[in-house]
Amino acid sequence: MLAPRSAIDTPFHPRAAIHQDGSVEGYASLFGEIDQARDMVMPGAFAQTLRLRGVRRIPMLFQHDPAEPIGIWHDIVEDWRGLRVRGRLIPDVVRARELMALLREGAADGLSIGFRTVKARLDPKTRVRKLVEIDLWEISVVTFPLLPGARVRAVKEAKPPFAPPVRTRKPLVIDPTARRRVLYQRGV
């Protein structure tokens, strides 16, 4: 499948910053911007679904594939700019480890929403569908987002690949005089 023409024309600027704990954050949707399907999400469109579903009932998927959950969302919040998300890739999922490598290199950094339109208005002049209320089903990390500005802003990286923290042993301090003291106390 080829990338949409406008995605090719748009210069690609990786927006991923590497940190330490495997978390991902960015904007899954931006208010007032027209996507490649001629949809525009309006402020407040997610309020009802976020109130009803909550964060835990909105999965993090890879490429909108329900068979590929890759993590969990910790925060999904509407702010002045759009739908801001923060979540964590699950290190035990193979696809999540692969995706971490892709995010680190800037090969994939798109975010996309899977939804059902509850309420929308079609502007007859521009033919832009303004989405007033959305039933949000899932948020995916994708290669080509329908809304070019919906991107991962930060990727916090665990040590490759999601390795548990290295355990350090305390150095064993040997007191050379201790053996002599024990022998002296025994009367040897």
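For the structure, check the block above.
Residues numbered from 1 in each chain as written. Predicted model: local features only at pLDDT ≥ 70, side-chain atom pairs only at ≥ 80, totals over all residues. Heavy atoms only, no water.

(A) Representation of the overall build of the protein. A count of helices and strands for the protein gives four helices and eight strands. The linear arrangement of helices and strands in the protein, starting from the amino end, is α-β-β-α-β-β-β-α-β-β-β-α. Taking all 188 residues of the protein together, 35% fall into the buried category. When the accessible surface of the protein is summed, it comes to about 11,900 Å², and 56% of that surface belongs to carbon and sulfur atoms. (Helix = DSSP H or I, 4+ residues; strand = E, 2+ residues; numbered from the N terminus. Buried < 20%, exposed > 50% of the residue type's maximum accessible area, 1.4 Å probe, protein only. Areas by Shrake-Rupley, 256 points an atom, 1.4 Å probe, with all protein chains shown as cover.)

(B) Region of the structure containing the pairing of strand β5 (residues 82–89). Of the strand pairs in this sheet, strand β1 (residues 23–30) and β5 are connected by seven bridges, and their pairing is antiparallel. If you follow Y27 over to β5, its bridge partner there is R84. Counted along the chain from strand β4 (residues 65–78) to the antiparallel partner β5, the turn is three residues long. (Pairing = 2+ DSSP bridges.)

(C) Region of interest: the side chain of S29. Mapped onto the elements of the fold, S29 is located in strand β1. The residues touching S29, leaving out its near neighbours within four places in the chain, are V41, F46, R81, G82, L83, I113, L147 and A150. (Contact = heavy atoms within 4.5 Å.)

(D) Representation of the packing of aromatic side chains within the structure. This structure, assessed with the given rule, holds one aromatic pair. The side chain of R81 reaches across the aromatic face of Y27, ending 4.9 Å from its centre. (Phe/Tyr/Trp six-rings, centres within 6.5 Å; stacked < 30°, edge-to-face > 60°. Lys NZ or Arg CZ within 6 Å of the ring centre and 35° of its normal.)

(E) Examining helix α3 (residues 94–105) more closely. Over its 12 residues, α3 runs 17 Å from end to end, which matches the ideal 16 Å to within 8%, given 1.5 Å per residue. Buried within α3 are the following residues: A96, L99, M100 and L103. Viewed end-on, α3 has its buried residues packed into an arc of 110°, placing them on one side of the element. Immediately beyond the C-terminal end of α3, within one or two residues, lies G106, with a positive phi of roughly 80°. (Expected span 1.5 Å × (residues − 1). Arc of directions from axis to C-beta.)

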